[in-house]
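Remarks on the overall topology
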Amino acid sequence: MIKRTIRELAEMIRCEADTAHAEVVFAGVSTDSRTVQPGNLFIPLIGETFDGHDYAAQAVERGAACVLWQADREGAPYGVPIIRVQDTLAALQELAAAYRRQLPVRIIGVTGSNGKTTTKDMIAACLATTYKMHKTQGNRNNHIGLPLTLLAMDEDTQMAVLEMGMSGLGEIELLSKLAAPEVAVITNIGEAHLMQLGSREQIARAKLEITAGMPADGLLIYNGDEPLIERTLEQMNVAKTMLRFRFGEQATNDYYPIAIMQHQQQTSFKLNVPFSPVITIPLPGMHNVLNALAAVAASKFMGVAEADIVKGLAELRVTGMRSEFLQSRSGATLINDAYNASPTSMCAALKMLESISSRGRKIVVLGDMLELGEQSEAFHRDIGRLLDPDKIDYVLTYGKLAAYIAEEAAKRYPAGYVRSFTDKAELASELAGMMTERDLILFKASRGMELEQIIKMII
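Summary of the structure given here. (Residues numbered from 1 in each chain as written. Predicted model: local features only at pLDDT ≥ 70, side-chain atom pairs only at ≥ 80, totals over all residues. Heavy atoms only, no water.)

Relative orientation of the contacting elements helix α10 (residues 286–301) and helix α11 (residues 306–314) amounts to 140 degrees, with a least axis distance of 10 Å. The angle between the axes of α10 and α11 places the two elements in the oblique class. The hand of the α10/α11 crossing is right-handed. Along its contact with α10, which presents A292, V296, S299 and K300, the element α11 presents E306, I309 and L313. (Axes fitted to C-alpha atoms, helices over the stretch in contact; angles between N-to-C directions. Helix = DSSP H or I, 4+ residues; strand = E, 2+ residues; numbered from the N terminus. Parallel < 35°, antiparallel > 145°, perpendicular 65-115°, else oblique. Left-handed = near helix turned anticlockwise from the far one by under 90°. Contact = heavy atoms within 4.5 Å.)

Listed below in structure tokens is the structure:
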């Protein structure tokens, strides 16, 4: 983590610091008074419903070594050095960018509509076999989380994998300029954030902002099955000298998978290159194979040996609620893929379920897909039309939008095999009553639906 004196801090950001405390040392940064550790620099942020300045005294009580303070705020705490800035959020970002420039770390940025967290975890697993590695924890991938991730890096970190999320134009550009990645990965262009951006073309433009902070000779790794990426690249002012590498299912890509073998909780495949080793990932589904292709490309560019890439992917541990296999009380196998959902990721999850061999029934529990704008009903109905009674035995939905999925699926399924709910406890009770030990049950919905609560009820 960052460790500096106030004098050194004053050289890194625009601020007013008391010279009497110039040699006071802080270690680490916190924006949450509840989690401040002794010696931290506390940075109070201002949100729509809170003002971190109100909790600065609490941060001092917990041992904060010094506090940034926005100049237009009153009531700075006593007994601790105060560093005054014009805007505490801008100062946090400025400090993170300055710290990143002081380190020799090489950075890989990862974005995309779906799969970015899993891809980040895959790349990190490969890099960790060879280097001292740092990665985004959880979903700290926004204008606050990414700076905090940078500031949490140890000074001897060799490689970092940073996830970059967004909800609108300009956000990933900011993150890319803060992190200055040498390599960028775009997993795909889906429908998430259609409500904010209006079209997939605008989503592609937003994702390609990841190139904004890259060097002219950096490497852009992207899904070559998505024509929008190359079309948008040509429209944007992206350095022509930047290296480009494409992955995907189609044989026109630089990497595509061959010899794929699907198992319930893992997938094996080879690359389309001579003497490719068998690569095994502890995840099912073609979408995870594609994520692995991007991870292999990024890791090879960073100098990881092929054998170590194979080892890293085989030992992968992914962030929770992403193709997570669990057991219910009845013995049924549950696939918790409920961290988030869009039409693209929903289709991928359904294909994954269909591809898994199972001696029992296959059941889906699907919830609302949020932030899809005016096309929301149509997208949900499209998912309902995809459901095949020959491949998936029962369909249970939760939420008002997911009811459209049920409405369309019911046109193809026998009576009683599609059921729609607006109450989680009722759905959980119904599911618990019908499950058998051989059943395989997929849970998929947007984060706001908190579908994991149903899983907890039946586990």
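More follows now that the structure is in view.
A positive phi angle is found at A259, which is not glycine, with a value near 50 degrees. Here A259 shows up in strand β14 (residues 257–262). On the basis of relative accessibility, which here comes to 52%, the residue A259 falls in the exposed class. The phi dihedral of S323 is positive, around 50 degrees, even though this residue is not glycine. (Buried < 20%, exposed > 50% of the residue type's maximum accessible area, 1.4 Å probe, protein only.)

So, on to the sheet that holds strand β15 (residues 267–271). The sheet built from three strands is open, its strands ordered β14-β15-β16 with antiparallel pairing. Each having just a single partner strand, β14 and β16 (279–281) make up the two edges of the open sheet. Recorded for the sheet is a direction-independent mean angle of 20 degrees between the axes of neighbouring strands. One ladder, built from three bridges, connects β15 with β16; its direction is antiparallel. If you follow S268 over to β16, its bridge partner there is T280. (Pairing = 2+ DSSP bridges.)

For the rest of this paragraph, the subject is the packing of aromatic side chains. How two aromatic rings sit relative to each other is set out by the distance from centre to centre and by the angle between their planes. Going through the model one piece at a time under the given rule, you end up with two aromatic pairs. Ring centres 4.8 Å apart and planes at 80 degrees place the aromatic pair F245 and Y255 in the edge-to-face group. With F245 in strand β13 (residues 243–247) and Y255 in the loop between β13 and β14, this residue pair connects regions lying ten residues apart in the sequence. Residue F245 is classed as partly exposed on the basis of its relative accessible area, which comes to 22%. The exposure class assigned to Y255 is buried, which follows from its relative accessible area of 7%. Aromatic side chains Y394 and Y417 sit 4.6 Å apart centroid to centroid with 10 degrees between the ring planes, which places their arrangement in the stacked category. With Y394 in strand β20 (residues 394–398) and Y417 in the loop between α14 (402–409) and β21 (418–421), the pair connects residues that are 23 residues apart, well separated along the chain. (Phe/Tyr/Trp six-rings, centres within 6.5 Å; stacked < 30°, edge-to-face > 60°.)

A few words now on helix α15 (residues 424–434). When α15 is considered as a whole, its buried residues turn out to be K424, L427, A428, L431 and M434. Burial along α15 is one-sided: seen end-on, the buried residues are contained in an arc of 135 degrees. Every exposed residue of α15 that faces more than 90 degrees away from the buried side is listed here: S429 and G433. Summarising the contacts, the buried residues of α15 are in contact with β19 (362–367), β20, β21, β22 (440–444) and α16 (452–458). (Arc of directions from axis to C-beta.)

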